[in-house]
Amino acid sequence: MAEKSLKEAEKIREIVGQDLLGGRIGLLLGWEKGHYWWQSRPLFAKNEADLEKLTWDSFCVINLSRYLLEELKEHGKVGVLVKGCDARAFNRLLQDNMVARDRVVLYGLPCPGMLDYGRLNEEAGGALISISESNGSVTLKTGTGEKSVERDQVLMKKCAECVYPDPVVYDQLLLSPQGKKEGVERFKSVEDLEELTPDERFAYWEGELSRCLRCYACRQVCPFCSCRECFVEQDNPRWQGRAYQPGENFMFHLVRAYHGTGRCIDCGECERACPVDIPLQELNRKLIKDINQLYGDYEAGVDAEADPPLLTYRPDDPAAFSEK
Amino acid sequence: MSVGVKEKAAGWEPLIVAFCCNWCSYAGGDLAGTSRLTYPSNVKVIRVPCSGRMNPMFVLRAFQRGADGVIVAGCHPGDCHYSTGNYSARRRLSAFKRLVEFAGFEPERFEVRWISSSEGDKFAEEMTGITERIKALGPNGKMRDARWQKKA
Ligand code: SF4
Ligand code: SF4
């Protein structure tokens, strides 16, 4: 574990500790170590003993804002540690009226990007035992030796493509900002797919979607999927058939993505959570790209006051069909 | 497994589902009828209160259950009976059209048109147009529910 992140964790613990133990908040949402060193899971801290477990390392990838939906039912006021994506997720929930701003205390954590266990293993080329970090490089320890790689090489894909590593909303910023990232290439794979013929694209999606287990993990982690009743579980009318059919897979995926038009914050949690690696971001980003091109630039979650593009209109809007 | 564009069987006729808003396009269809204009019987009209009522799942369900082409028709922008329904529909259906194309549907399969209640001729023209285009393109197999059977 890097010295730096241990120091940072200490600092975070101290600040949130004052609020939690002083009674300003009833619960703190953070991260703790799970079964594996390469995973940090959500921590629900209520007391000093819980706070001892608080972790801030390169595996705190899970978006905590979404847990507010449940925790606010039980606690009057909840504190949350928010990275860039968690903060945009919070704005998303706020815009959907799913959380009350005055019942949440946001502790901002500018994020250096989280590491991908899969990529770490690939780089290590053998059984990875542990890692250590310093100054932008990661040392991988395997049974047979050590190897150093650039941190950028082993970032999670979604973090490498993240534009807003700094929280866009917070009550208190706990670490120093990383700065907005410029020149991030997000739409390359969408553009590549656009080059294909309709039949080729259909075959591509039919192949990718055929792996879908309909576990709905992608929905479960998503900050815009906060409806109390989701169309996939609705019985009357039953929109989503349960059968394993290509048509039903398309139904789920097109509608899931479409419900995110102008609302998806491009956090990549859906794709990370998917157990069968379906490139869900390509669907989300197609919509982000087109809606921006048609109706002006909009970044969901960045500004809670700005109207999402599908909630507004201009009389002279263009259309994507042949009539204006 | 489904297929993309299927072979045209002999005697194949496309099935077109037209979602028409109650106040303009459906009335436009009525006018086409009373003016004795003809349009292909391939087109099955479903009346919706407003183009803003369109749930994209209507369109996908139509494809699952046998439609070869889907068209949504509503009042011209500015003429919506509910003032702004079609302004919302324009944005939503634009995004949705791009998405279904991205999923692999041909652009011809899903269309949106503005047809007023006085445009009986335009109604007949557009319905003929989409039927012709889908005829040229061939049957749609994409998203088709394998359990769906066209009744003889
Ligand atoms: S769809 Fe995926 S990327 Fe978009 S907000 Fe939801 S979890 Fe994040
Ligand atoms: S997480 Fe993956 S497998 Fe599960 S429903 Fe979503 S796309 Fe399908």
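Before reading further, recall that the structure is shown in the block above.
Quick look at the structure, then. Owing to the predicted nature of the structure, the values given are computational and were not obtained by experimental measurement.

Digging into the overall build of chain B
Working step 1: Check the secondary structure of chain B and you find four helices and four strands.
Working step 2: Seen in sequence order, chain B has helices and strands lined up from the N terminus as β-α-β-α-β-α-β-α.
Working step 3: Its C-alpha atoms give chain B principal-axis dimensions of roughly 45 × 35 × 25 Å.
Working step 4: Burial status across chain B gives 59% buried among its 152 residues.
Working step 5: For chain B, contacts bridging at least 24 residues in sequence account for 84% of all contacts bridging at least 6.
Working step 6: When the accessible surface of chain B is summed, it comes to about 6300 Å², and 51% of that surface belongs to carbon and sulfur atoms.

Here's the deal with the side chain of A:Arg263
Residue and element names in this part refer to chain A.
Working step 1: Assignment of secondary structure puts Arg263 in the loop between α10 (246–258) and α11 (269–273).
Working step 2: A polar contact is formed between the side chain of Arg263 and the backbone oxygen of His259, at a distance of 2.9 Å.
Working step 3: Leave out the neighbours within four places in its chain, and Arg263 touches Arg92, Asp96, Phe224 and Ala300.

Thoughts on the pairing of strand β4 (residues 104–108) of chain A
Residue and element names in this part refer to chain A.
Working step 1: Burial runs high along β4: five of the five residues are buried.
Working step 2: Here β4 shows no split at all, with Val104, Leu106 and Gly108 on one side and Val105 and Tyr107 on the other all buried.
Working step 3: Strand direction decides the pairing type here: strand β3 (residues 78–82) and β4, joined by five bridges, are parallel. What sits directly across from Val82, in β4, is Gly108.
Working step 4: What joins β3 to β4 is helix α4 (residues 84–95), and the crossover it makes is right-handed.
Working step 5: Strand direction decides the pairing type here: β4 and strand β8 (residues 172–173), joined by two bridges, are parallel. Its bridge partner being in β8, Tyr107 is matched across the sheet by Gln172.

Looking at the site of ligand 2
Working step 1: Near ligand 2 you find 14 residues, and of these A:Cys212, A:Cys215, A:Tyr216, A:Cys218 and A:Cys274 are the closest.
Working step 2: Here the residues of the shell around ligand 2 are counted per class, giving 12 nonpolar, one polar and one charged.

Thoughts on the site of ligand 1
Working step 1: Among the 13 residues in the neighbourhood of ligand 1, the closest are listed as A:Cys222, A:Cys264, A:Cys267, A:Gly268 and A:Cys270.
Working step 2: For the shell around ligand 1, the elements supplying multiple residues, two or more each, are α11 and α12 (280–295) of chain A.

Some remarks on helix α2 (residues 56–64) of chain B
Working step 1: Within α2(B), nine of the nine residues are buried, leaving the element largely enclosed by the surrounding structure.
Working step 2: Of the residues making up α2(B), those classed as buried are B:Pro56, B:Met57, B:Phe58, B:Val59, B:Leu60, B:Arg61, B:Ala62, B:Phe63 and B:Gln64.
Working step 3: Packing partners of the buried residues in α2(B) comprise α10 of chain A together with β1 (16–21), β2 (43–48), β3 (69–74), α3 (85–102) and β4 (110–114) of chain B.
Working step 4: Once α2(B) ends, the next one or two residues include B:Gly66, with phi positive near 120°.

Quick word on the interface of chain B and chain A
Working step 1: Contact with chain B, which involves 42 residues of that partner, is made by 47 residues of chain A.
Working step 2: Where chain B abuts chain A, roughly 4100 Å² becomes buried across the two surfaces, and 63% of that area is made up of carbon and sulfur atoms.
Working step 3: Of all residues in chain B, B:Arg91, B:Arg98 and B:Phe102 give up the largest surface area on contact with chain A, accounting jointly for 23% of the area buried on that side.
Working step 4: On inspection of chain B and its partner chain A, the count reaches three salt bridges.
Working step 5: When the shortest N-O distance is used, the salt bridge between A:Asp290 and B:Arg98 registers 3.2 Å.

Some words on the sheet that holds β3(A)
The strands making up a sheet are joined through hydrogen bonds of the backbone, oriented either antiparallel or parallel.
Residue and element names in this part refer to chain A.
Working step 1: Strand order in this open sheet of five strands is β2-β1-β3-β4-β8, and the pairing throughout is mixed. Two strands in the sheet have a free side with no partner beyond their single neighbour: β2 (40–45) and β8.
Working step 2: Bridge count for strand β1 (residues 27–33) against β3 is three bridges, and the pairing is parallel. Across the sheet, the residue bridging to Leu27 is Val78, located in β3.
Working step 3: In the packing of helix α1 (residues 3–21) onto the sheet, the strands contacted are β1, β2, β3, β4 and β8, and the crossing angle to β1 comes to about 150°.

A look at the state of the cysteines
Working step 1: Scanning all chains against the criterion turns up one disulfide over all chains.
Working step 2: The side chain of B:Cys24 participates in a disulfide bridge whose partner is B:Cys75; the two sulfur atoms lie 2.3 Å from each other. Disulfide B:Cys24-B:Cys75: the torsion about the S-S bond is 100°, which places it as right-handed. A residue pair is termed long-range when its members are at least 10 positions apart, and B:Cys24 in the loop between β1 and α1 (25–34) and B:Cys75 in the loop between β3 and α3 qualify at 51 residues. Like B:Cys75, B:Cys24 is buried.
Working step 3: Here A:Cys227 is not cross-linked by a disulfide; its sulfur's nearest cysteine counterpart is in A:Cys230, at 6.7 Å.
Working step 4: As a non-bridged cysteine, A:Cys230 has A:Cys225 as the owner of its nearest cysteine sulfur, 6.3 Å distant.

Procedures and definitions
- Residues numbered from 1 in each chain as written.
- Chains lettered and ligands numbered in written order.
- Predicted model: local features only at pLDDT ≥ 70, side-chain atom pairs only at ≥ 80, totals over all residues.
- Heavy atoms only, no water.
- Helix = DSSP H or I, 4+ residues; strand = E, 2+ residues; numbered from the N terminus.
- Buried < 20%, exposed > 50% of the residue type's maximum accessible area, 1.4 Å probe, protein only.
- Contact = heavy atoms within 4.5 Å.
- Areas by Shrake-Rupley, 256 points an atom, 1.4 Å probe, with all protein chains shown as cover.
- Polar contact = N/O pair within 3.5 Å; in protein donor to acceptor, adjacent residues only side chain to side chain.
- Pairing = 2+ DSSP bridges.
- Right-handed = clockwise from strand over helix to strand, strands pointing away.
- Near = heavy atom within 4 Å.
- Nonpolar A, V, L, I, M, F, W, Y, C, P; charged D, E, K, R; others polar.
- Buried area = accessible area lost by both parts, 1.4 Å probe.
- Salt bridge = Lys/Arg side-chain N within 4 Å of Asp/Glu carboxyl O.
- Axes fitted to C-alpha atoms, helices over the stretch in contact; angles between N-to-C directions.
- Disulfide = S-S within 2.5 Å.

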